[in-house]
Amino acid sequence: MTLNFKLNIVKDYPKPGINFIDINPLLQNPSQYAAVIDAFCDTIKKSGADLTKTAIIAPEARGFLFAAPVAHTLHLPLILIRKQGKIPNNPYAFHITNEYTSYNMEVDSDLLDNFSQFIYIDDILATGQTLAAVRQALKAKGKEIVLSVHLTDVADLKAMRESNAELRGLPIEIIL
(Lines give C-alpha, C1' and ligand atoms only; values in the text may rest on other atoms or scores of the structure.)
Protein backbone atom coordinates (compact mmCIF):
# COMPACT_ATOMS: atom_id res chain seq x y z
CA MET A 1 0.00 0.00 0.00
CA THR A 2 1.24 3.47 -0.84
CA LEU A 3 1.67 5.95 1.99
CA ASN A 4 -0.13 8.99 0.68
CA PHE A 5 -2.05 9.89 3.80
CA LYS A 6 -2.24 13.59 4.66
CA LEU A 7 -2.35 14.53 8.33
CA ASN A 8 -4.54 17.40 9.56
CA ILE A 9 -2.97 20.62 10.85
CA VAL A 10 -4.79 22.49 13.61
CA LYS A 11 -3.55 26.09 13.70
CA ASP A 12 -2.80 27.84 16.98
CA TYR A 13 -3.27 24.73 19.11
CA PRO A 14 -2.49 24.19 21.99
CA LYS A 15 -1.34 27.80 22.03
CA PRO A 16 -1.00 30.63 19.50
CA GLY A 17 1.81 30.12 17.02
CA ILE A 18 1.81 26.31 17.27
CA ASN A 19 0.44 24.26 14.38
CA PHE A 20 -0.65 20.94 15.90
CA ILE A 21 -0.45 17.82 13.73
CA ASP A 22 -3.57 15.74 14.35
CA ILE A 23 -2.99 12.00 13.89
CA ASN A 24 -6.59 11.01 14.70
CA PRO A 25 -7.68 10.70 11.04
CA LEU A 26 -4.83 8.22 10.44
CA LEU A 27 -5.92 6.16 13.45
CA GLN A 28 -9.45 6.06 12.00
CA ASN A 29 -8.19 4.55 8.73
CA PRO A 30 -7.15 0.96 9.56
CA SER A 31 -5.53 0.21 6.19
CA GLN A 32 -3.39 3.37 6.24
CA TYR A 33 -2.49 2.88 9.91
CA ALA A 34 -1.40 -0.69 9.12
CA ALA A 35 0.65 0.58 6.17
CA VAL A 36 2.34 3.13 8.45
CA ILE A 37 3.21 0.41 11.00
CA ASP A 38 4.62 -1.72 8.16
CA ALA A 39 6.70 1.27 7.02
CA PHE A 40 8.09 1.73 10.55
CA CYS A 41 9.02 -1.97 10.62
CA ASP A 42 10.62 -1.89 7.17
CA THR A 43 12.63 1.21 8.10
CA ILE A 44 13.94 -0.46 11.24
CA LYS A 45 14.79 -3.73 9.45
CA LYS A 46 16.70 -1.82 6.75
CA SER A 47 18.59 0.33 9.29
CA GLY A 48 21.23 -2.26 10.07
CA ALA A 49 20.61 -1.99 13.82
CA ASP A 50 21.48 -5.17 15.71
CA LEU A 51 17.98 -6.15 16.79
CA THR A 52 19.29 -8.91 19.06
CA LYS A 53 20.46 -6.35 21.63
CA THR A 54 18.01 -3.54 20.94
CA ALA A 55 14.76 -2.46 22.55
CA ILE A 56 12.25 0.08 21.35
CA ILE A 57 11.76 3.10 23.57
CA ALA A 58 8.88 5.55 23.19
CA PRO A 59 7.58 8.63 24.99
CA GLU A 60 4.09 9.07 26.33
CA ALA A 61 1.55 9.16 24.86
CA ARG A 62 1.22 9.25 21.09
CA GLY A 63 4.55 7.51 20.60
CA PHE A 64 2.99 4.45 22.23
CA LEU A 65 0.48 4.18 19.36
CA PHE A 66 3.29 3.45 16.92
CA ALA A 67 5.89 1.82 19.13
CA ALA A 68 3.66 -0.92 20.57
CA PRO A 69 2.55 -2.46 17.25
CA VAL A 70 6.09 -2.13 15.85
CA ALA A 71 7.59 -3.86 18.90
CA HIS A 72 4.99 -6.61 18.61
CA THR A 73 5.57 -7.11 14.89
CA LEU A 74 9.37 -7.16 15.18
CA HIS A 75 9.35 -9.20 18.42
CA LEU A 76 11.31 -6.49 20.23
CA PRO A 77 10.99 -5.39 23.85
CA LEU A 78 9.24 -2.07 24.44
CA ILE A 79 10.22 0.39 27.16
CA LEU A 80 7.87 3.24 27.93
CA ILE A 81 8.86 6.77 28.87
CA ARG A 82 6.17 8.17 31.14
CA LYS A 83 5.37 11.44 32.84
CA GLN A 84 6.71 11.70 36.38
CA GLY A 85 4.91 9.58 38.94
CA LYS A 86 3.79 6.85 36.50
CA ILE A 87 6.73 4.43 36.83
CA PRO A 88 6.28 2.21 39.94
CA ASN A 89 9.68 0.44 39.90
CA ASN A 90 13.00 2.25 40.20
CA PRO A 91 12.14 5.35 38.14
CA TYR A 92 14.97 7.15 36.40
CA ALA A 93 13.84 10.77 36.04
CA PHE A 94 14.98 13.41 33.58
CA HIS A 95 13.73 16.79 32.41
CA ILE A 96 12.27 17.72 29.03
CA THR A 97 11.61 21.17 27.62
CA ASN A 98 9.82 21.37 24.29
CA GLU A 99 7.86 23.89 22.25
CA TYR A 100 4.79 23.47 24.49
CA THR A 101 6.05 23.16 28.02
CA SER A 102 8.63 21.79 30.43
CA TYR A 103 8.20 18.69 32.59
CA ASN A 104 9.85 15.63 34.11
CA MET A 105 9.72 12.20 32.52
CA GLU A 106 10.68 8.78 33.86
CA VAL A 107 11.68 5.39 32.62
CA ASP A 108 12.12 2.16 34.59
CA SER A 109 15.86 2.05 35.29
CA ASP A 110 15.82 -1.73 35.79
CA LEU A 111 14.41 -2.22 32.28
CA LEU A 112 17.07 0.06 30.79
CA ASP A 113 19.77 -2.12 32.34
CA ASN A 114 18.75 -5.03 30.09
CA PHE A 115 19.76 -3.26 26.85
CA SER A 116 22.66 -1.26 25.49
CA GLN A 117 20.90 0.32 22.54
CA PHE A 118 17.48 1.60 21.66
CA ILE A 119 15.33 2.54 18.72
CA TYR A 120 13.32 5.64 19.58
CA ILE A 121 9.81 5.85 18.12
CA ASP A 122 7.47 8.82 18.29
CA ASP A 123 4.75 10.43 16.23
CA ILE A 124 5.99 13.96 15.44
CA LEU A 125 9.52 15.32 15.26
CA ALA A 126 9.19 19.07 15.82
CA THR A 127 12.02 20.90 17.60
CA GLY A 128 13.68 17.61 18.57
CA GLN A 129 13.90 18.65 22.22
CA THR A 130 12.14 15.55 23.55
CA LEU A 131 14.37 13.27 21.51
CA ALA A 132 17.47 15.21 22.60
CA ALA A 133 16.49 14.99 26.28
CA VAL A 134 15.86 11.24 26.05
CA ARG A 135 19.13 10.71 24.20
CA GLN A 136 21.03 12.71 26.83
CA ALA A 137 19.34 10.79 29.69
CA LEU A 138 20.21 7.46 28.10
CA LYS A 139 23.81 8.52 27.46
CA ALA A 140 24.12 9.37 31.15
CA LYS A 141 23.27 5.70 31.85
CA GLY A 142 25.76 4.42 29.25
CA LYS A 143 22.99 3.65 26.74
CA GLU A 144 22.62 4.65 23.10
CA ILE A 145 19.81 5.51 20.71
CA VAL A 146 20.90 3.95 17.40
CA LEU A 147 17.91 5.09 15.34
CA SER A 148 15.01 7.49 15.72
CA VAL A 149 11.87 6.88 13.65
CA HIS A 150 8.93 9.31 13.52
CA LEU A 151 5.60 9.30 11.74
CA THR A 152 6.25 12.80 10.40
CA ASP A 153 8.19 15.96 11.10
CA VAL A 154 7.72 19.71 11.06
CA ALA A 155 9.90 20.68 8.12
CA ASP A 156 10.02 24.35 9.16
CA LEU A 157 11.90 23.34 12.33
CA LYS A 158 14.63 21.34 10.57
CA ALA A 159 17.27 24.07 11.03
CA MET A 160 16.54 24.15 14.76
CA ARG A 161 16.99 20.37 14.99
CA GLU A 162 20.21 20.50 12.95
CA SER A 163 21.67 23.10 15.32
CA ASN A 164 21.04 20.87 18.36
CA ALA A 165 24.38 19.23 19.24
CA GLU A 166 22.58 16.41 21.07
CA LEU A 167 20.98 15.24 17.80
CA ARG A 168 24.12 15.29 15.65
CA GLY A 169 25.10 11.94 14.23
CA LEU A 170 21.79 10.31 15.14
CA PRO A 171 20.08 8.56 12.22
CA ILE A 172 16.55 9.98 12.01
CA GLU A 173 13.91 8.54 9.70
CA ILE A 174 10.52 10.04 8.82
CA ILE A 175 7.68 7.80 7.57
CA LEU A 176 5.25 10.36 6.08
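Residues numbered from 1 in each chain as written. Predicted model: local features only at pLDDT ≥ 70, side-chain atom pairs only at ≥ 80, totals over all residues. Heavy atoms only, no water.

(A) The arrangement of the pairing of strand S5 (residues 91–97) in detail. Residues Tyr92, Phe94 and Ile96 point to one face of S5 and are all buried, whereas Pro91, Ala93, His95 and Thr97, pointing to the other face, are not buried. Of the strand pairs in this sheet, S5 and strand S6 (residues 102–108) are connected by seven bridges, and their pairing is antiparallel. Within S6, the residue paired with Ile96 across the bridge is Tyr103. Hairpin connection of S5 to S6: four residues between the antiparallel strands. (Buried < 20%, exposed > 50% of the residue type's maximum accessible area, 1.4 Å probe, protein only. Helix = DSSP H or I, 4+ residues; strand = E, 2+ residues; numbered from the N terminus. Pairing = 2+ DSSP bridges.)

(B) Expanded view of the side chain of Asp22. In this structure, Asp22 sits in strand S2 (residues 19–22). Among the polar contacts listed, one links the side chain of Asp22 to the backbone nitrogen of Asn24, at a separation of 3.0 Å. The contacts of Asp22, once residues within four sequence positions are left out, are Leu7, Asn8, Val10 and Arg62. (Polar contact = N/O pair within 3.5 Å; in protein donor to acceptor, adjacent residues only side chain to side chain. Contact = heavy atoms within 4.5 Å.)

(C) Summary view of the layout of surface pockets. Quantified by volume, the largest pocket comes out at close to 950 Å³. Arg62, Glu99, Tyr100, Ile124 and Ala126 are the residues nearest the centre of the largest pocket, which is lined by 41 residues in total. Contributing elements (two or more residues each) for the lining of the largest pocket: S2, helix H3 (62–74), S6, strand S7 (117–125), helix H5 (129–140) and strand S8 (144–153). The leading source of residues in the lining of the largest pocket is S7, at five residues. Of the residues belonging to the lining of the largest pocket, the class tally is 21 nonpolar, eleven polar and nine charged. (1 Å grid on protein atoms, 1.4 Å probe; cavity = no way out; pocket = protein on both sides within 12 Å on 5 of 7 lines; lining within 4 Å. Points joined across faces, edges and corners; volume = space filled by probe spheres on them. Nonpolar A, V, L, I, M, F, W, Y, C, P; charged D, E, K, R; others polar.)

(D) Highlighting unusual backbone geometry. That bond from Tyr13 to Pro14 is cis: its omega, 5°, falls within 30 degrees of zero. Here Pro14 is to be found in the loop between strand S1 (8–11) and S2. Cis peptide bonds are those with omega within 30 degrees of zero, and the linkage from Glu60 to Ala61 qualifies with -5°. Structurally, Ala61 is set in the loop between strand S3 (54–59) and H3. In this structure, Asp12 is a non-glycine residue whose phi angle is positive, near 60°. Relative to the assigned elements, Asp12 resides in the loop between S1 and S2. Located in the positive-phi region is His75, a residue other than glycine, with phi close to 55°. Among the secondary structure elements, His75 is positioned in the loop between H3 and strand S4 (78–83).

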